[in-house]
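Take a look at the letters that make up each chain.
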Amino acid sequence: MSIFEYNGSALVAMVGKNCFAIASDRRLGVQLQTIATDFQKIYQIHDRLFLGLSGLGTDAQTLYQRLVFRHKLYQLREERDMKPETFASLVSALLYEKRFGPYFCQPVIAGLGDEDKPFICTMDSIGAKELAKDFVVAGTASESLYGACESMFKPDMEPEELFETVSQALLSSVDRDCLSGWGGHVYVVTPTEVKERILKGRMD
């Protein structure tokens, strides 16, 4: 078993019309044993920027703390919030810096940039970015997430339809992966508000 699969995770970010959704499962396991069913994998950096971290739970928390530290320094120096593109470059640089002993994480970054344009991106554990116009996935359930998102996604969805789509994609995908699941955690972000919802899924 790969170290990336040790705790199990499922992450997906999807773009809508001037909005985006980012969703994760809630399971923390040690291989096949479930330890917690309310584990946080999505973190809010600021009002319009979210970070999802799949992979090894301990590394995810360490990486998040380092990124919050860097973002706060940026806010103090620049007196503004970081743009999603800038933040993606920061995460990439931070990961590449540690490429010989990497953080075992696969981040998903989602945010609203200039003119409320949604930005989503994912990268591997050494910071190689993958940008997308529709959706990005990460974690142990990524293969089934690709299939579900590919069939359900359509461009320019309104926030409510986007929530429905991303939730159905997540729930149907984690049922096909025994290392992730136990409900879901979904954020839908528009220029004016952030909606957070908890999904109930199969508890096995």
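As the structure is a computational prediction, the values presented were derived from the model and not from experiment. (Residues numbered from 1 in each chain as written. Predicted model: local features only at pLDDT ≥ 70, side-chain atom pairs only at ≥ 80, totals over all residues. Heavy atoms only, no water.)

**Considerations on the packing of aromatic side chains**
Right, on to step 1. All told, the structure shown has five aromatic pairs when counted by the stated rule.
Right, on to step 2. Note on phenylalanine 20 and phenylalanine 50: the rings are 6.3 Å apart at their centroids and 65° apart in plane angle, and the pair reads as edge-to-face. One end of the pair, phenylalanine 20, is in strand β2 (residues 20–25); the other, phenylalanine 50, is in strand β6 (residues 49–55), and 30 residues separate them in sequence.
Right, on to step 3. A relative accessible area of 0% means that phenylalanine 50 is categorised as buried.
Right, on to step 4. Of the aromatic side chains, those joined through ring pairs into one cluster are Phe20, Phe50 and Tyr187.
Right, on to step 5. The ring of tyrosine 96 carries arginine 99 above its face, with NZ or CZ at 4.2 Å from the centroid.
Right, on to step 6. The ring of phenylalanine 163 carries the charged tip of arginine 197 above its face, separated from the ring centre by 4.1 Å. (Phe/Tyr/Trp six-rings, centres within 6.5 Å; stacked < 30°, edge-to-face > 60°. Helix = DSSP H or I, 4+ residues; strand = E, 2+ residues; numbered from the N terminus. Buried < 20%, exposed > 50% of the residue type's maximum accessible area, 1.4 Å probe, protein only. Lys NZ or Arg CZ within 6 Å of the ring centre and 35° of its normal.)

**Examining unusual backbone geometry**
Right, on to step 1. Phi is positive for asparagine 18, close to 55°, though the residue is something other than glycine.
Right, on to step 2. Relative to the elements of secondary structure, asparagine 18 occurs in the loop between β1 (10–15) and β2.
Right, on to step 3. Exposure remark for asparagine 18: the relative accessible area of 41% places this residue in the partly exposed category.

**Side note on the nonpolar core**
Right, on to step 1. Counting 23 residues, the largest nonpolar core has Val12, Met14, Leu145, Cys149, Val166, Leu170 and Val186 as the members making the most contacts within it.
Right, on to step 2. Only β1, β2, β10 (135–139), α3 (142–152), α4 (159–174) and β11 (184–189) provide two or more residues apiece to this core.
Right, on to step 3. Top contributing element to this core by residue count: α4, with six residues.
Right, on to step 4. Those residues in contact with valine 12 that sit more than four places away from it in its chain are Ala21, Ile22, Ala23, Val136, Val137, Leu145, Cys149, Val166 and Leu170.
Right, on to step 5. Counting residues in hydrophobic clusters, the runner-up holds 22 residues, among them Ala60, Leu63, Leu67 and Cys121. (Core = buried A, V, L, I, M, F, W, Y, C linked by side-chain atoms within 4.5 Å. Contact = heavy atoms within 4.5 Å.)

**Some remarks on the pairing of β6**
Within a regular strand, side chains alternate between the sheet's two faces.
Right, on to step 1. Most of β6 is tucked away: seven of the seven residues are buried.
Right, on to step 2. What you see with β6 is no split at all: Leu49, Leu51, Leu53 and Gly55 on one side and Phe50, Gly52 and Ser54 on the other are buried throughout.
Right, on to step 3. Pairing of strand β5 (residues 42–46) with β6, which is carried by four bridges, proceeds in the antiparallel orientation. In the strand pairing of β6, isoleucine 42 is matched with glycine 52.
Right, on to step 4. Once β5 ends, the chain turns through two residues before running back antiparallel as β6.
Right, on to step 5. Bridging between β6 and strand β7 (residues 105–112) involves seven bridges; their strand directions are antiparallel. Following the sheet pairing, phenylalanine 50 is matched in β7 by alanine 110. (Pairing = 2+ DSSP bridges.)

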